[in-house]
Amino acid sequence: MKKIITYLLAMLIAYQLSAQTNNWAKAKSIVAKMTLEEKAKFVVGNGLRIPGMKQQAPVGETQEKVPGASGSTFAIPRLGVPSMVVSDGPAGLRISPFRKGDSSKSYYATAWPVATLLACTWDTALVKKMGIAFGSEVHDYGVDIVLGPALNIHRNPLGGRNFEYFSEDPVIAGNITAALVNGIESNGVGTSIKHFAANNQETNRNTINTIMSERALREIYLKGFEIAVKKSQPWTVMSSYNKINGTYTSQNYDLLTTILRNEWGFKGFVMSDWFGGRDAVAQMKAGNDLLMPGTPQQTKAILDAVKNGTLDEKILDENCVRILNILFMSPAYKNYKFSDKPDLKKDAAISRTTAEEGMVLLKNNDNALPFKKNMHQVALFGINGYELITGGTGSGSVNKAYTVSLLQGLNNANYSVDENLKDVYTNYLNEEKKKRPKKSFIQEFMNPTPPIPEYAIENDVVNKEAASTDIAIISIGRNAGEGSDRKLKNDFYLSDTEKILIKNVADAFHAKNKKVIVVLNIGGVIEVASWRDEADAILLAWQPGLEGGNAITNLLSGKVNPSGKLATTFPMNYEDEPSAKNFPGKEFPEQATTGLFGRKEIPAEVTYDEGIYVGYRYFNSYHVKPAYEFGYGLSYTNFSFNNLTLSSKQFNGKISASVTIKNTGKVAGKEVVQLYITAPSSKLNKPSEELKAFAKTKLLQPGESETIHFIIYPKDLASFETQRTSWIADAGKYTIKIGASSEDIKQSATFNLSKEIIVEKDHNVLKPQVEINEFTGK
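The rules behind the values
The numbering scheme is per chain: residues are counted from 1 as the chain's sequence reads. Residues qualify for local features only when their pLDDT is at least 70, as the model is predicted, and side-chain atom pairs are given and counted only at 80 or more; totals for whole chains, interfaces and linings, by contrast, use all residues. Each side-chain value is worked out from all heavy atoms of the structure, with water and hydrogens disregarded. The definition of a nonpolar core used throughout is a set of buried Ala, Val, Leu, Ile, Met, Phe, Trp, Tyr and Cys residues joined through side-chain atoms within 4.5 Å. When accessible area is computed with a 1.4 Å probe and restricted to protein chains, residues below 20% of their type maximum are described as buried, those above 50% as exposed, and intermediate ones as partly exposed. Helix and strand assignments come from DSSP, with helices taken as H or I runs of at least 4 residues and strands as E runs of at least 2, each series counted from the N terminus. Pairs were defined over the aromatic rings of Phe, Tyr and Trp, the Trp ring being its six-membered one, requiring ring centres within 6.5 Å. Orientation was assigned from the angle between planes: stacked under 30 degrees, edge-to-face over 60, tilted for the rest. Sitting over a ring, as applied to charges here, requires NZ of Lys or CZ of Arg to be within 6 Å of the ring centre and within 35 degrees of the ring normal. Here a polar contact is recorded for every N or O atom pair within 3.5 Å, except that within protein the pair must consist of a potential hydrogen donor and a potential acceptor, and residues adjacent in sequence are included only if both atoms are side-chain atoms. Working rule for contacts: check all heavy atoms of both residues, and any pair within 4.5 Å makes them a contact. Axis lines are fitted through C-alpha atoms, for helices just across the contact stretch, and the angle between N-to-C directions can take any value from 0 to 180 degrees. Crossing handedness follows the turn of the near helix against the far one: under a right angle anticlockwise gives a left-handed crossing, and clockwise gives a right-handed one. Just so you know the grouping, Ala, Val, Leu, Ile, Met, Phe, Trp, Tyr, Cys and Pro go in nonpolar, Asp, Glu, Lys and Arg go in charged, and all remaining residues, Gly too, go in polar. For two strands to pair, DSSP has to find at least two bridges joining them.

(A) Representation of the nonpolar core. Counting residues in each nonpolar core, the largest one holds 157 residues, and the members touching the most others are F196, F381, I473, L520, L556 and F570. The element that contributes the greatest number of residues to this core is helix α6 (residues 170–185), accounting for 8 residues.

Written as structure tokens, this is what we have:
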């Protein structure tokens, strides 16, 4: 079946490429008929509509077509060129739920699980299935291109948009992205994978100069995009706000043309992030084809540049052709009569199933989970148990019809949550909400309202609950999003109120020989080591989408066996992170200017001293013990890994590996199989091991086995050697390690490469302008 799916996927990509190729001639003929003014407008979006604010530019008709959409492209009716609608976002379509004051009809979308949870499924087939459903909503609501998925690397746990991103590892990020893109685009709509590249923080995101080595850039920060482009050919790529080694990404020819198009073979067009970059003419020259959301000033600058000879009109023609080539595949061009009636009930079920597969069981002492059959009365502590966080804020937010809280999920499964405790928390939440100011989207973006603090519940209430209920669940919530990064105090580290809550509940319930379960409804990594001993079990639910409460309950009850594995490391302390000392970089306040919407913009720079030693590559290579390692996750059953077999002891073009996984426990479950390689490092320092492939088993019944097959190619063995600007596989002994996590290696085998292989020769570009004192792995 997997071979059939791979074949069909290859055929789909080949068909898309063929369609794009056939459209080039038609696109060129239309561009030849455009006036210069039409060309200059075509590469600039129709502007941004912000309720309550003066328009930045004329608004295209298609933003009336899909209210709440992020933007649209310029139409040229006389040439049969319609406007395309683009809309956020990575975790669900973000459009207005109501239109023109009419509350009788709604336009809600599904809030899908966030990207970090998707990566923790380690299941590309499941993610593609979710993508198909996601794309059907995009199609049904009249949107041509959805602005996502986002696949920047989890460089630091304080990154405000980490929930939008998949992993600290580019192999996971690239493959999950490709699966999601292939699913969404199977509906005849487009994606815009983002933010290209090295958009790893929100602090000073519009001014930050990211300084890194070519090797770190190639192996870590570009690799996921390369995988996604080659395996899915997304319609568009979105450039990021930041600079890389001194040049804004949207103005960087070497990034957008030399690497993306010439080296990787990208066939779509590149759009800017909203108001990204500083020089419209430089963006055209770099190959940033579409400027979003678009301003009249940008159109004028392009027009003037062609007229005065500083921009060759042939370059502008190429920008237009690339946009048209994609537009020809869009629903807008095909005059699709969208229904505005997606099957939200069906999609909600897919959202719930996906959420269940990506939640990670971090701890389960003495089989505290699943719930025992005689367990009925639940004490639900923590405000988050009564108001689930489905996803992050900013462009990653979704207007959804409903949210299933953990309280509702438990009730739906016929568990009784103590009413007195419920009243205490809901009354507190209601009172706190009354104090919160009402803000527009842009006001909230500019000045985020702090989250409601945890309720300091009295200890005598806790003791009464311990006496009258069967089990305690403590739900801890965290949220973040676009525009700012997270903080250490009361965010990465629990607040004092939360710590006291966990301790008091644990003391009271353990005194009665009753269990304490902690549920983490969070978008990014937090510190767990200082308090985890208080809990009998910890379930990492991430931000699971609109059906989250039902999904969490299904895992707690045992209806679903946890099978998620961490795609990002949980450190013991923040200081253990390799980037802790240089995140988010240094500022130059004396050079501050006023930017978009009057915000102060401070020039800044950050140097990636850790180089390639990001996440587990650092923790494993430097022998720093994390709280929970990359790839970790528990199950209600057990698995054995047996019979690792290599096709040869000598590498000759490729090598295959197979391993058999058996469910040795008492309940059905799935296991994630992770393939790491340790490479010879006599010439170049290398991590102790690196993930090269992964797979998830089917649902294995007790005693059932499945054999997983992998193929390793030369590129999987290679590292980027800066001096030769080449991907090189060194001669020597390679070790394949099959693990249940990056630390829990179950089987290993070796093979030899008799002679060095120069796998790929790349261009000598994107070099740092300063010397970097990088980590060496020793």
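(B) Quick look at the packing of aromatic side chains. Counted according to the given criterion, the structure contains 28 aromatic pairs. Centre to centre, the rings of Y734 and F751 are 5.4 Å apart; their planes meet at 5°, and the pair counts as stacked. Of this pair, Y734 sits in strand β27 (residues 732–739) while F751 sits in strand β28 (residues 745–753), and the two are 17 residues apart along the sequence. With a relative accessible area of 0%, Y734 lands in the buried category. Linked through ring pairs, W122, Y616, F630, Y676 and F694 together constitute an aromatic cluster. It is K26 that lies over the ring of F328; its NZ or CZ is 4.3 Å from the centre. The aromatic ring of Y107 is capped on one face by K105, whose charged end is 5.0 Å from the ring centroid.

(C) Seen up close, the environment of E756. Here E756 lies in the loop between β28 and β29 (757–761). You can call E756 partly exposed: its relative accessible area is 26%. Separated by 27 residues in the primary sequence, E756 and A729 have C-alpha atoms spaced 5.7 Å apart. Within the structure, the side chain of E756 is placed 3.1 Å from the side chain of K683, a separation counted as a polar contact.

(D) View of the side chain of S192. Within the secondary structure, S192 sits in strand β4 (residues 190–196). By relative accessible area, S192 is classed as buried at 0%. At 3.5 Å, the side chain of S192 forms a polar contact with the backbone nitrogen of M238. The contact partners of S192, leaving out residues within four places of it in the chain, are I145, V146, L147, G148, P149, T236, V237, M238 and M271.

(E) Region of interest: the packing of helix α17 (residues 459–468) against helix α19 (residues 496–511). One can describe the packing of α17 onto α19 by two numbers: an axis separation of 9 Å at closest approach and a directional angle of 35°. The crossing of α17 and α19 is right-handed. Residue-level contacts link N459, V462, N463, E465 and A466 of α17 to N504, V505, A508 and F509 of α19. Looking at the contact of α17 with α19 residue by residue, the class counts come to 5 nonpolar, 3 polar and 1 charged.

(F) Quick look at the sheet that holds strand β12 (residues 416–417). Taking strand neighbours across the sheet as the criterion, the 6 strands line up as β10-β15-β14-β13-β11-β12 in an open arrangement whose pairing is mixed. For this open sheet the edge positions go to β10 (360–364) and β12, each flanked by a neighbour on one side alone. Across 6 bridges, strand β13 (residues 471–477) lies against strand β14 (residues 516–521) in parallel orientation. Across the sheet, I476 pairs through a bridge with L520, a residue of β14. Contacts from helix α15 (residues 419–434) reach β11 (377–381) and β12 within the one sheet, and its direction differs from that of β11 by about 20°. Contacting β11, β13 and β14, α19 crosses the sheet at an angle of about 170° to β13.

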